[in-house]
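Here is what each chain is made of, one letter per residue.
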Amino acid sequence: MARTKFDILSAALLKIGANEIASFNDGTRESQVAATIYPIVKSAELGNYNWNFTATVANLSRYTDTPTDTKWSYSFAIPADHIRTITAYDENMTSIPYLDEGNRIYANSLVVLLRYHADCNENSFSAQFTDALVSKLAYELCNPLMGDGDLARGLFTEYDAKMKKARHSDAQANTSRSIYGASTWLSASRGGYRGGWR
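The sections below set out a description of the structure shown in this document. (Residues numbered from 1 in each chain as written. Predicted model: local features only at pLDDT ≥ 70, side-chain atom pairs only at ≥ 80, totals over all residues. Heavy atoms only, no water.)

### Some words on the nonpolar core
Item 1. Ranked by size, the top nonpolar core spans 32 residues in total, and within it Ile16, Phe125, Phe129, Leu137 and Leu141 carry the most contacts.
Item 2. Where this core is concerned, the elements lending two or more residues are helix H1 (5-15), helix H2 (29-47), helix H3 (127-146) and helix H4 (149-176).
Item 3. A per-element tally of this core places H3 first, with 9 residues.
Item 4. Not counting residues within four places of it along the chain, the set of residues in contact with Leu141 comprises Leu9, Ala12, Leu13, Ile16, Val33, Ala34, Ile37 and Met146.
Item 5. Counting residues in each nonpolar core, the second largest holds 12 residues, with Leu60, Ala88, Ile105 and Val112 among its members. (Core = buried A, V, L, I, M, F, W, Y, C linked by side-chain atoms within 4.5 Å. Buried < 20%, exposed > 50% of the residue type's maximum accessible area, 1.4 Å probe, protein only. Helix = DSSP H or I, 4+ residues; strand = E, 2+ residues; numbered from the N terminus. Contact = heavy atoms within 4.5 Å.)

Right under this line is the structure:
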């Protein structure tokens, strides 16, 4: 079943005794606070760890201007969903030197395949990450909506335990994931592969 940000937020709101929401525009206090908190918490939790489900690869678009730093021959646009770079390859699947700076990737290869962590949608989240995220959101929403410090402290303890389990589970999946073959890389070089690295 499809999972949305509002499903996750509603689960968090119910944990603190608040009302569920179906949008950020329903005029309720819950939706107003959630609209501010959700993108910040989501981005932070995705960026705090190298989650398998956020890993992807893209064939970068090359800029036409010449880099001012003569060490590099070309510069490339970083994908809009980019959180953190893992590594870069050329069209022959060979790891290459690169510089990740100022929303650009600099390299000396005409083609750059960038492996990176992406800001993915909720349907890509692992079950364990989602469970931990619900607890973190409940913690962040608790004080502004309910003003209950004791409940908030309990929720943070719950979040911390769940996030440790989520990271452990993700690390186990990482050690057993398969290595992509040449066909995947060739697909990426021809049009940009978008999907998790498993």
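### Quick notes on the sheet that holds strand E5 (residues 104-107)
Item 1. Overall, antiparallel pairing links the 3 strands, which are arranged E2-E5-E4 in an open sheet. One side of each edge strand has no neighbouring strand; the edge strands of this open sheet are strand E2 (74-77) and strand E4 (99-101). With strand direction ignored, the average angle separating the axes of adjacent strands in the sheet is 25°.
Item 2. When E4 meets E5, the two strands line up antiparallel, connected through 3 bridges. (Pairing = 2+ DSSP bridges. Axes fitted to C-alpha atoms, helices over the stretch in contact; angles between N-to-C directions.)

### Brief notes about the side chain of Glu45
Item 1. Tracing the chain through its elements places Glu45 in helix H2.
Item 2. Among the polar contacts made by the side chain of Glu45, one reaches the side chain of Tyr159 at a distance of 3.0 Å.
Item 3. In contact with Glu45, not counting residues within four places along its chain, are Trp51, Phe129, Leu133, Lys136, Tyr159 and Met163. (Polar contact = N/O pair within 3.5 Å; in protein donor to acceptor, adjacent residues only side chain to side chain.)

### Observations regarding the packing of aromatic side chains
Item 1. Here the structure, examined in full by the defined rule, presents 9 aromatic pairs.
Item 2. Between Phe6 and Phe24 the ring centres are 4.8 Å apart and the planes differ by 65°, which places this aromatic pair in the edge-to-face class. With Phe6 in helix H1 and Phe24 in the loop between H1 and H2, this pair connects stretches of sequence that are 18 residues apart.
Item 3. We classify Phe24 as partly exposed; its relative accessible area is 23%.
Item 4. Pairing Trp51 with Phe53 gives two aromatic rings, centres 5.6 Å apart and planes at 25°, and the pair type is stacked.
Item 5. The class for Phe53 is buried, based on a relative accessible area of 6%.
Item 6. Members of the aromatic cluster, each reached through a chain of ring pairs, are Tyr49, Trp51, Phe53, Phe125 and Phe129.
Item 7. Looking at Arg62, its charged tip hangs above the ring of Tyr74, at a distance of 5.7 Å from the centre.
Item 8. The ring centre of Tyr63 lies 3.7 Å from the NZ or CZ of Arg104, which sits over that ring. (Phe/Tyr/Trp six-rings, centres within 6.5 Å; stacked < 30°, edge-to-face > 60°. Lys NZ or Arg CZ within 6 Å of the ring centre and 35° of its normal.)

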